[in-house]
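Fold and contact review
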Amino acid sequence: MSPPATISCMTCRLRKLKCDRNKPKCGRCVDTKRECSYPERKRVALVDWRRQDVKELEARLGEVESKLAQRLGGETTFGNNNSAQYEGHQMDSASSISPRSYTMNSFSQEMFVENMSIPIGLEYNPTEDPSLRMQYLDEMGLQEAFPPEEMQEELFLIYFDQVHPCIPMINKTRFLAARRLGLNGPSIFALQYAMWSIAASVSPKYGRLCEVFLQRARKYTEQIELDGIGEPQITIYDAQSWCLIANVEARRMHITRAWTSTGNCVRLVHLMGLHCVDRLGVYGTRFLPPTDDFIELEERRRTFWAAYMCDRWNSALGGWPMTIRENGICTDLPTSEASFDCGYEEATVSLAKAIAEGGASNILSSFSGVILATTLMAREYNHIQQGAKFEHSRRGSDEEFWKKHRELDNSLSNTLMYLPERFKVAHELRDPNVVFLGIALQAATICLHRTVINRSMNPQVYSSIVSQSMTRCTAAAHAITNTIRLVSRQNMSRVGSQARSAS
């Protein structure tokens, strides 16, 4: 084997991957079947490249000024004196540049300049063939350089440690394996940027990069819609990207953007038929091929339910109508986390059966419990909104209101009664979905009975009913207080954006 080179090959440098520096081809390029080449000339200091770039910009500015002068018939706002003064100022600025000024010590300096494409930790060599870099970016479908490999690994670690437990729709093992194999394309890039954005939103270290990652994720997702001829080439990554984008925007309280992003996500899951995964043949055209194994099937289920929760929470947050209809859902609830990770099949139940009396005892994961709580809260939201409209317009049946109130109260009581012990806060504090589930069910109880208390001014509402509702609200508030006290030393950033929206 040849002795290692003094620097990495061009391909590994552009991809920001570790290179074993073997010649004539490094091991990574051999494994991925990519072209491998090593630079022959010495590196030039970054400041020299910057000075050269300033001169090129000055030349282009001179051309623009001359063309503008010709178009205006010799009269231009850039007179000779002003032009010379501007040119002199630019030369003075260029001569005062120090190498330290352009040393890329942090990724934020590159990220906040849209067209900056200098690899971090490397001195860019303008004497090397720039077409190699552009060719690589074109082949990958990239429009800018990725962040350093170390930052990528850390952001993925933050995502799977703090975000994934709340939105467990991506199979970690398969995603990381696909990444190691070099799977690329706009859909993958959009998903990665969306994952980095939501990871940065919960990380004090990378919080300043959240908006930049978010903009790039949106750029790639919007580009996917415009690419292709005829029907779009849709993948499950596209729906997952929009779901994460909507979650980031909800966390940052960009309510309108979050709702429109949720709409894109919902339309995609409908287009791919993810709302009828377990009832084949119910709907017509499908844009996804049949699943190869159980993990792929479960990932489609979880992607749909993540979109469903986004639709419920973001619609309620802005006071807008919800898009997904419950009676049109033919996808069963998610299975356990172990089943999703390891790929062994488990029999699960539908949402309708889980809400029925005793059905909560059949759910297999805390994620299914959160879906159940979200459904009950969404029903309550619609019930309260409808009751407020009837009361404001002084029409509508009071009997209809109380009938719906009793149905929701029974559903809540049944869920609290039959919920498996392992999904109760007292038994599992480490799972953020369990914490959120306990808080959400108690909050739903308060919201439902608070409506009765608000109607207490009506003489038709008996004092015994009001007293009963106040007792239920007080008990639920105590339960929430005890839950917060139990988890006060936990990292509450792991409890998803829905919890903060609900509060």
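Now for a look at the structure at hand. Remember, it's a predicted structure, so these values are computed and weren't measured experimentally.

Rules of the game
- Residues numbered from 1 in each chain as written.
- Predicted model: local features only at pLDDT ≥ 70, side-chain atom pairs only at ≥ 80, totals over all residues.
- Heavy atoms only, no water.
- Helix = DSSP H or I, 4+ residues; strand = E, 2+ residues; numbered from the N terminus.
- Buried < 20%, exposed > 50% of the residue type's maximum accessible area, 1.4 Å probe, protein only.
- Contact = heavy atoms within 4.5 Å.
- Polar contact = N/O pair within 3.5 Å; in protein donor to acceptor, adjacent residues only side chain to side chain.
- Core = buried A, V, L, I, M, F, W, Y, C linked by side-chain atoms within 4.5 Å.
- Expected span 1.5 Å × (residues − 1).
- Arc of directions from axis to C-beta.
- Salt bridge = Lys/Arg side-chain N within 4 Å of Asp/Glu carboxyl O.

A few words on the environment of Trp305. Mapped onto the elements, Trp305 comes out in helix H13 (residues 294–318). For Trp305, a relative accessible area of 0% translates into the label buried. Residues Trp305 and Ser368, spaced 63 residues apart in sequence, show a C-alpha to C-alpha distance of 8.8 Å. Those residues in contact with Trp305 that sit more than four places away from it in its chain are Ile329, Thr331, Asp332, Leu333, Pro334, Leu351, Phe367 and Ile371. Polar contacts involving the side chain of Trp305 include one to the main-chain carbonyl oxygen of Asp332, which spans 2.8 Å.

Of all hydrophobic cores here, the largest spans 84 residues; its most connected members are Tyr159, Met195, Leu244, Trp305 and Leu351. Ranked by size, the runner-up nonpolar core spans seven residues in total, among them Cys12, Cys19, Cys36 and Tyr38.

Here the focus is helix H12 (residues 255–271). Here H12 is 17 residues long and its end C-alpha atoms lie 24 Å apart, about the 24 Å a rise of 1.5 Å per residue gives. What H12 keeps buried is the set Ala258, Ser261, Thr262, Cys265, Val266, Leu268 and Val269. Seen end-on, H12 carries its buried residues on one side only, within an arc spanning 160 degrees. More than 90 degrees from the buried face of H12, the exposed residues found are Thr256 and Arg267. Its buried side turned inward, H12 meets helix H10 (210–226), helix H11 (236–251) and H13. Directly after H12, the chain includes Gly273, whose backbone phi takes a positive value near 75 degrees.

Next up on the list: unusual backbone geometry. If a residue is not glycine, its phi is most likely negative; likewise, a peptide bond is most likely trans. Here the bond from Lys23 into Pro24 is cis, since omega is 5 degrees, no more than 30 degrees from zero. The topology assignment puts Pro24 in the loop between helix H1 (10–15) and helix H2 (27–32). Of note in this structure, Lys33 is not a glycine but carries a positive phi near 60 degrees. Note on placement: Lys33 falls in the loop between H2 and helix H3 (46–71).

We now examine the pattern of salt bridges. This model, assessed by the stated rule, comprises 18 salt bridges. Glu222 serves as the salt-bridge partner of Arg218, at 3.5 Å between the closest nitrogen and oxygen. On the criterion of helical spacing, the pair formed by Arg218 and Glu222 is a turn pair, its members being four residues apart in helix H10. What makes Arg218 buried here is its relative accessible area of 17%. Glu222 gets classed as partly exposed once you look at its relative accessible area, which sits at 36%. Note that Arg302 is salt-bridged to Glu298, the shortest N-O span being 2.9 Å. Of this pair, Arg302 and Glu298 both sit in helix H13, four residues apart, roughly one helical turn. Here the two residues Arg302 and Glu298 agree in accessibility, since each one is buried. Ionic contacts of the salt-bridge type, sharing partners, join the residues Glu211, Arg218, Glu222, Glu249, Arg252 and Arg257 into one network.

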